[in-house]
Amino acid sequence: MSRLTKKGASVCTDSPLSTSEVCRKMTVMRQILTSCFGPNGRLKQIHNNVGGHVLTTSTSTPLLQAVSSSEPLLKLITASILNHLSRFSDCGLYTGILCFSLVDHVQKSGLRPSVAIKINKQLLEVCTGFLNQEDCGCKVNVDFNSCQSLVTLARSVISSKPACVLTEGEQQHISTLAVHAFLLTVPCGDTPGSPDRVRLGRTVTVTSEGQFVLDSAVFPGLLVNVPDMQLHPTDSERIRRGPGPYRLALFTVSLSGDLSEFGEGSLEVHCGAPDPEDLILDQLLKLGEQAVTDQVEVFVCQRVIHPVLQHYLRSHGVVVIERLGIALIEPIVQMTGAQAVALYQTPIPQEAYGQVKGCCVRTVGSRKMLHLLPPREPAPAVCTMVLCHRNDTMLSELKAACQRAEHVLRLTLRDPVALLGGGCTETHMAAYVSNKGTTEAAETALSLGVSQSQYLLGLNGFCSSLETVALALEHDGGTSLIDLTYAHHWSVPQGEAIHSGTVLQGEGLQRGDGGEVPATCGCGLVERSARPGLELEWTPLNTRSNLRPAPLVVGKDTTPQLRVLDSFTAKLNALQVAVEMANLVLDVRYVIEDVN
């Protein structure tokens with residue numbers, strides 16, 4: 001079809017960051033991400049102006065997927081954050097806040113983008129080198145012999161999602177369940193046939209709306225939704241009668257017997273020839289006879305099973321499960337060792353059968369579900385997490401939070417360390433980078449080919465951007481402080497006057513503005529009265545003071561009572577993505593858009 005109108009020329013925008021409309025859109029996106037950050041973040045409701053589903057969340061993935069923008073630079077940043085989240089599941093808001101803050105500081109400082117890019121690259125290397133040091137003051141080891149650090153890590157992820165609406169006790173319960181489910185999917189020995197590799201299991205999530213959160217539980221094996229199932233009278237006794245295991249057959253092809261399953265086309269039936277549907281049913285019954293002969297106890301099909309075949313199998317004591325769905329095929333294969341059969345016209349190969357220890361019926365809310373027990377103990381490879389909550393919005397947010405927590409826990413298997421949370425990693429790292437950069441400013445500036453004043457200006461913006469992430473945790477008008485000994489973050493709620501003599505007065509902080517300094521810092525590692533005779537001093541965050549943070553050494557036999565931990569792998573990658581994306585945005589000179 002020919003064009004009705006002449007094709008218009010593309011629009012070219014020179015120096016997009018100098019355009020007020022682009023800056024306004026980036027400021028709005030930064031404010032959205034900042035207001036969602038942390039356990040006290042504000043929820044966002046997103047809906048189409050013509051109606052439809054209303055999304056309530058503060059989680060980065062659904063938020064960024066739902067918020068659309070016509071600005072190419074925002075699309076670029078959003079795509080990079082979503083790509084990071086697809087690989088690491090955590091620190092999406094952190095990435096966005098840091099990226100926008102770096103761009104904003106460069107614009108306000110007046111540094112040339114080319115100079116700022118070189119400085120940011122150098123400071124990123126300093127940060128990654130610091131975090132990878134063995135004696136880094138921001139890292140703690142994750143001990144798999146104790147669940148304490150694992151539960152803290154899982155709880156940090158879950159508690160940062162306020163749309164879950166959980167009490168302290170519910171947070172602890174769900175975090176414990178997340179760790180329990182994770183540990184059930186970690187095999188105790190080597191993977192058969194591959195001694196050098198470990199194959200992790202899977203966690204299948206089942207949700208139940210309208211139940212109490214504390215009713216949530218984890219079960220080894222699989223819970224299968226079969227509402228119209230009628231168990232044979234002996235099925236409920238099989239687990240007690242033992243010893244098992246029982247043989248299982250799994251089909252991915254439809255066993256409904258419909259001719260439409262063979263695809264489109266014409267079918268010619270000669271006069272006097274048998275009915276094709278009768279032939280198909282005979283073939284299905286032969287399949288059932290073989291299953292009974294081979295002592296199959298559980299017969300599972302992804303799609304529909306013909307009623308006659310169902311009746312035949314159940315009359316011989318076989319548990320029949322149909323309409324399983326494609327999502328549960330892989331977990332069943334992994335748990336039982338079965339091979340999915342895609343044909344019913346040929347006999348079932350003996351090697352295609354799997355095994356289950358037994359099955360029983362469990363009640364989940366208003367549903368009856370069949371529980372398939374794993375054949376091997378103590379590592380079943382597959383488990384089911386049943387999540388309960390009061391309404392659908394909270395339940396969907398809780399399900400997403402638990403899946404992210406499981407991914408974060410899996411990342412610790414490769415690198416069993418975690419970073420201090422609560423903004424302490426950012427403030428401590430900012431103090432370290434500031435001290436190192438100031439001390440080595442002359443040599444570094446010479447090697448980068450910039451002036452010392454330019455380097456110090458870029459250094460100040462980089463460290464301020466790191467501290468901005470910690471500042472974003474405060475949403476209730478409180479005051480953010482940094483102690484002058486360990487450079488940890490302290491959030492002072494709005495209210496009572498600060499103790500005299502403990503806080504150094506600085507810009508923006510007058511006596512009586514803040515509240516009482518809490519007993520511990522944001523991560524819980526540093527206490528207000530850590531040692532007798534050592535009185536900590538604080539200063540407002542983002543007040544430039546060249547301090548050299550002292551690492552807080554924790555003994556090997558001492559387990560610190562940490563409140564918040566962050567994934568080391570996820571945050572390290574988020575730091576790199578944020579700086580690299582900020583440099584990319586600063587480096588964009590022209591934006592060419594096709595307006596047709």
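The name given to the chain in an unreviewed UniProt entry is MKKS centrosomal shuttling protein, with Hucho hucho as the source organism.

Draft legend 1. Structural detail: the pattern of salt bridges. For the structure shown, the criterion picks out 13 salt bridges. Between E21 and R24 there is a salt bridge, with the nearest N and O atoms lying 2.7 Å from each other. Of this pair, E21 and R24 both sit in helix α1 (residues 20-36), 3 residues apart, which is roughly one turn of the helix. On the basis of relative accessible area, E21 is assigned to the partly exposed category, the value being 36%. A relative accessible area of 44% means that R24 is categorised as partly exposed. The closest approach of N and O atoms between E330 and R202, which form a salt bridge, is 3.7 Å. Taken together, the positions of E330 in helix α11 (residues 329-336) and R202 in strand β5 (residues 202-209) put the pair 128 residues apart, joining distant regions of the chain. A cluster of three or more residues bridged by salt bridges with shared partners is formed by R30, D104 and K108.

Draft legend 2. Quick look at the sheet that holds strand β4 (residues 139-141). Pairing is antiparallel in the open sheet, where 3 strands are placed in the order β4-β15-β19. A strand with exactly one partner marks an edge of an open sheet, and here the two such strands are β4 and β19 (565-567). Looking at each pair of strands side by side, their axes are set apart by 45° on average, direction ignored.

Draft legend 3. Spotlight on the sheet that holds strand β16 (residues 479-483). Ordered by their spatial adjacency, 3 strands build an open sheet running β17-β16-β18, and the pairing between neighbours is antiparallel. With partners counted over all chains shown, the strands left at the sheet margins are β17 (489-492) and β18 (538-540), one partner each. Taking the axes of each pair of neighbouring strands and ignoring which way they run, one obtains an average angle of 40° across the sheet. Across 4 bridges, the pairing between β16 and β17 is antiparallel. The residue bridging S480 from the neighbouring strand is S491, located in β17.

Draft legend 4. Representation of the environment of L222 in the model. Mapped onto the fold, L222 is located in strand β7 (residues 222-225). Owing to a relative accessible area of 0%, L222 belongs among the buried residues under this scheme. For the pair L222 and L372, spaced 150 residues apart in the sequence, the C-alpha separation amounts to 5.2 Å. Apart from the residues lying within four places of it in its own chain, the contact partners of L222 are V204, L328, P331, I332, M335, L370, H371, L372, V382 and T384.

Draft legend 5. Spatial organisation of helix α6 (residues 148-159). Here α6 is 12 residues long and its end C-alpha atoms lie 16 Å apart, about the 16 Å a rise of 1.5 Å per residue gives. Taking burial as the measure, the 12 residues of α6 include 10 buried ones, the bulk of the element. Its buried side turned inward, α6 meets α7 (168-184), α12 (392-414), β15 (417-420) and β19.

What counts, and where the lines are drawn
Residues numbered from 1 in each chain as written. Predicted model: local features only at pLDDT ≥ 70, side-chain atom pairs only at ≥ 80, totals over all residues. Heavy atoms only, no water. Salt bridge = Lys/Arg side-chain N within 4 Å of Asp/Glu carboxyl O. Helix = DSSP H or I, 4+ residues; strand = E, 2+ residues; numbered from the N terminus. Buried < 20%, exposed > 50% of the residue type's maximum accessible area, 1.4 Å probe, protein only. Pairing = 2+ DSSP bridges. Axes fitted to C-alpha atoms, helices over the stretch in contact; angles between N-to-C directions. Contact = heavy atoms within 4.5 Å. Expected span 1.5 Å × (residues − 1).

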